[in-house]
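# Survey of secondary and tertiary structure
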Amino acid sequence: MMRRRLATTTLTGLAAVLLLAACAAPEAADDADAPDIALSEVEQNASAESCWVAIDGDVYDLTEWIPQHPGGADRIEALCGTDGTAQFEGQHGGQGGPESQLEEFRIGELAD
Ligand code: HEM
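A short tour of the structure in this document, coming up.

Cut-offs applied
Residues numbered from 1 in each chain as written. Predicted model: local features only at pLDDT ≥ 70, side-chain atom pairs only at ≥ 80, totals over all residues. Helix = DSSP H or I, 4+ residues; strand = E, 2+ residues; numbered from the N terminus. Buried ≥ 20, exposed ≤ 12 C-beta atoms within 10 Å, placed from the backbone. Contact = placed C-beta atoms within 7 Å. Pairing = 2+ DSSP bridges. Core = buried A, V, L, I, M, F, W, Y, C linked by C-beta atoms within 7 Å. Near = placed C-beta within 6 Å. Nonpolar A, V, L, I, M, F, W, Y, C, P; charged D, E, K, R; others polar.

Right, let's get into the overall build of the protein chain. Across its full length, the protein chain holds five helices and five strands. Of the regular secondary structure in the protein chain, the N- to C-terminal order runs α-β-α-β-β-β-α-α-α-β. Looking at the protein chain as a whole, 13% of its 112 residues qualify as buried. A separation threshold of at least 6 residues defines the contact pool for the protein chain, and within that pool the share at least 24 residues apart is 66%.

Counting buried residues in strand β3 (residues 50-55) gives five out of six residues, a clear majority hidden from the surface. As paired elements, strand β2 (residues 46-47) and β3 share two bridges and run antiparallel to each other. In the strand pairing of β3, Ala46 is matched with Cys51. The hairpin turn running from β2 into β3, its antiparallel successor, is two residues long. In this sheet, strand β4 (residues 58-61) lies alongside β3 in antiparallel orientation, the contact comprising four bridges. Note on β4: the bridge partner recorded for Trp52 is Asp61. Linkage of β3 to β4, two consecutive antiparallel strands, is achieved through a turn of two residues, within which Asp56 is found at a positive phi near 50°.

With that settled, consider the nonpolar core. By size, the foremost hydrophobic cluster in this structure holds 13 residues, and its most contacted members are Cys51, Trp52, Val53 and Tyr60. Among the secondary structure elements, those contributing two or more residues to this core are β3 and β4. Considering each element in turn, this core owes the most residues, five residues, to β3. For Cys51, the contacting residues outside a window of four places in its chain are Asn45, Asp61, Leu62, Thr63, Ile66, Ile76, Glu77 and Cys80.

Let's shift gears to the pairing of β4. Of the strand pairs in this sheet, β4 and strand β5 (residues 106-110) are connected by three bridges, and their pairing is antiparallel. Within β5, the residue paired with Val59 across the bridge is Gly108.

Moving on to the environment of Phe88. Following the sequence through the fold, Phe88 ends up in helix α4 (residues 85-92). For Phe88, a count of 22 C-beta atoms within 10 Å corresponds to the buried category. As a C-alpha pair, Phe88 and Leu102 span 14 residues in sequence and 10.0 Å in three-dimensional space.

Bringing the sheet that holds β3 into the picture now. Pairing in this open sheet of five strands is mixed, and the strands run β1-β5-β4-β3-β2 from one edge to the other. Strands with a single pairing partner mark the edges of an open sheet, and in this sheet they are β1 (36-37) and β2.

Taken together, the neighbourhood of the ligand is formed by 17 residues, with Gly71, Arg75, Gln87, Gln91 and Pro98 sitting nearest. Put simply, the parts of the chain that give the shell around the ligand at least two residues each are α3 (73-77), α4 and α5 (96-103). Tallied by class, residues from the shell around the ligand come to eight nonpolar, eight polar and one charged.

Structural measurements only, silent on function.
See the structure below:
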C-alpha cells in the first residue's frame, strides 16, 4: 500500500516536471530546426488575408501586424508575398523597436 502511494507520488512529480519543461521550452520559431520556407511559398501569401514577408533570410507572417503598424497599413500590405529586406532595412535598419516587433511574427527560415 505504501509502495503504491510512493509510486503514484513519484509519477505525479515526474509528470509535473515534464509539464514544466514543456512550458519552458522555446517557441518553435526560435529553434534551429524552424521550417525552411521557399520564396515561392511566401509569394502565395500575398494579400492582407495572409501576408507573409521574407526579411533578411527569415519569413514572417505579418497578417496581424497590418492594421497595427504605426507607419500605416499600406506600408506592410505592399510587402505581402515579397522579400521586403530592402524596404525594412531602409526604414527601420538598426532600430530596436521594429526589429523586436518583427521577431514576434517569425514563422521560419527562407529556404536557399
Ligand atoms: C516589415 C515589417 C515592419 C515592422 C515590424 C515595422 C514596425 C514598426 C514599429 C514597431 C514602429 C514604431 C516605432 C516607434 O514608435 O519607435 C514603426 C513605425 C514606422 N514604420 Fe514600420 N515596420 C515595418 C515596415 C515598415 C516599412 C516597410 C516602412 C516604410 C516603407 C515603415 C514605415 C514606418 C514609419 C514611417 C513609421 C513611423 C510612424 C510614426 O511614428 O509616425 N515600416 N514600424
